[in-house]
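# A look at the structure
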Amino acid sequence: IKLCNLEIDNNKLFLLELTLIPVNLDIRKKGPKTPLAVELTDYQKQVIFGCMLGDLTAERTNVLTGNTRLRFHVSIVNKDLIYHLYSIFKNYVKTEPKIIHRPFNRLIQKSHDAISFSTLKYHLFNWVRDDFYKKIDNKYIKIVPKNSYENLTEIGLAFWIMDDGSYNKTKQPLILCTDSYSQEAVLFLIEILKNKFGLSCGIINYKKKTKDGRDSYRIRINKSSIPKLIELTEGHFIKSMLYKLGL
């Protein structure tokens, strides 16, 4: 910056002469921007809804203004399912599924390795977080949405079973592991399975307590309804997961 004299008719004026020097303003190097994503299809939404009733989680750092990412996570035994889910949502994912190695469990004499992948954060996933989580005692708890009757379809039911179902080869009912939900929520889901899909179901008071000391409950789809269940969902299963229908 220079200070210059300018004299006009004995009157002095002072002018500032500015010299502009190029400056690199990009001080903070940012990573690549999240790529644009197309809107979810109805099929993808139905898959998400079913998986959210199971082990799928929706994560959002800033609850009020942030975007949401989905985290898919299953046992390594069911890796075919995770790769199938990855093929459905790969347009929203940056990194392929990764295996998570866990320490050897001496009690059961085996390790429970898992495999997972996460989507990038997108606004179009915010409905998942809004529908499936509720703030209780200053914590966000996963819940069964009130709109489950309308939004749980045969496709969603199939993915829910593939994700969190267990077939008992001896007694031949199918169990849905709903341990984290309240008794009221589990009874609500049973009513949906009965009234919307025509399935005979019951509730199991599972012996294992939840982390916060509550009783845990599971859904039993009775042996008499397995043929009906197969009719509804088999076409949406991947081959390697048909064992969860007893096939």
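So, here is what we can say about the structure in this document. (Residues numbered from 1 in each chain as written. Predicted model: local features only at pLDDT ≥ 70, side-chain atom pairs only at ≥ 80, totals over all residues. Heavy atoms only, no water.)

### Here we look at the overall build of the protein chain
When helices and strands are tallied, the protein chain shows seven helices and 12 strands. A burial count over the protein chain gives 39% of its 247 residues as buried. A fraction of 62% describes how many contacts in the protein chain between residues 6 or more apart in sequence connect residues 24 or more apart. Split by element, the accessible area of the protein chain, about 15900 Å² in all, is 53% carbon and sulfur. (Helix = DSSP H or I, 4+ residues; strand = E, 2+ residues; numbered from the N terminus. Buried < 20%, exposed > 50% of the residue type's maximum accessible area, 1.4 Å probe, protein only. Contact = heavy atoms within 4.5 Å. Areas by Shrake-Rupley, 256 points an atom, 1.4 Å probe, with all protein chains shown as cover.)

### Describing helix α1 (residues 42-53)
Here α1 spans 17 Å end to end across 12 residues, near enough to the 16 Å set by a 1.5 Å rise per residue. Restricting attention to buried positions, one finds in α1 the residues Q44, V47, I48, F49, G50, C51, M52 and L53. (Expected span 1.5 Å × (residues − 1).)

### A closer look at the packing of aromatic side chains
Within the structure shown, the criterion is met by eight aromatic pairs. Connected via pairs of aromatic rings, a cluster forms that spans F72, Y86, F89 and F117. The ring of Y133 carries the charged tip of R129 above its face, separated from the ring centre by 4.2 Å. Between the NZ or CZ atom of K196 and the centre of the ring of Y149, over which it lies, the distance is 5.5 Å. (Phe/Tyr/Trp six-rings, centres within 6.5 Å; stacked < 30°, edge-to-face > 60°. Lys NZ or Arg CZ within 6 Å of the ring centre and 35° of its normal.)

### Concerning the sheet that holds strand β5 (residues 98-100)
The strands making up a sheet associate through hydrogen bonds between their backbones, and the pairing can be parallel or antiparallel. Pairing in this open sheet of four strands is antiparallel, and the strands run β3-β4-β6-β5 from one edge to the other. Edge strands, defined here as strands with exactly one partner in the open sheet, are β3 (57-59) and β5. The mean angle between the axes of side-by-side strands here comes to 30 degrees, regardless of whether they run parallel or antiparallel. Pairing of β3 with strand β4 (residues 69-75) involves three bridges; the strand directions are antiparallel. When the sheet's bridge partners are listed, E59 is paired in β4 with R69. (Pairing = 2+ DSSP bridges. Axes fitted to C-alpha atoms, helices over the stretch in contact; angles between N-to-C directions.)

### A word on the nonpolar core
If you look at the biggest cluster of nonpolar residues, it comprises 61 residues, and the most contacted ones within it are L193, I219 and I221. With seven residues, the top contributor of residues to this core is helix α5 (residues 154-164). (Core = buried A, V, L, I, M, F, W, Y, C linked by side-chain atoms within 4.5 Å.)

### Section: the side chain of D113
Checked against the element boundaries, D113 lands in the loop between β5 and β6 (114-118). A distance of 3.3 Å separates the side chain of D113 from the side chain of H101, its partner in a polar contact. Not counting the four nearest positions on each side in its chain, D113 is found in contact with S75, I76, I100, H101 and R102. (Polar contact = N/O pair within 3.5 Å; in protein donor to acceptor, adjacent residues only side chain to side chain.)

### Some words on the pairing of strand β7 (residues 133-136)
Moving residue by residue along a regular strand, the side chains alternate between the two faces of the sheet. Here β7 pairs with strand β8 (residues 139-142) via four bridges, running antiparallel. When the bridges of β8 are listed, Y133 appears paired with K142. Between β7 and β8, which pair antiparallel and follow one another directly, the connecting turn spans two residues, one of which, D137, has a positive phi of 50 degrees.

### Describing the sheet that holds strand β12 (residues 216-221)
Strand order in this open sheet of four strands is β9-β10-β12-β11, and the pairing throughout is antiparallel. Here the strands that pair on one side only, and so sit at the sheet edges, are β9 (165-167) and β11 (201-206). On average, each strand axis in the sheet is tilted by 30 degrees relative to the strand beside it, whichever way the strands run. Bridging between β11 and β12 involves six bridges; their strand directions are antiparallel. For G202, the partnering residue across the bridge sits in β12 and is R220.

### Describing unusual backbone geometry
Residues other than glycine predominantly adopt negative phi, and peptide bonds predominantly adopt the trans conformation. The backbone phi angle of D137 is positive, close to 50 degrees, even though this residue is not glycine. Phi at Q172 is positive, roughly 65 degrees, even though this residue is not glycine. Along the chain, the position of Q172 falls in the loop between β9 and β10 (174-176).

### Observations regarding helix α2 (residues 79-89)
Regarding α2, the residues found buried are L81, I82, L85, Y86, I88 and F89. The buried residues of α2 occupy an angular sector of 160 degrees when projected down its axis, which confines them to one face. Against the buried residues of α2 lie α1, β4, β6 and α5. (Arc of directions from axis to C-beta.)

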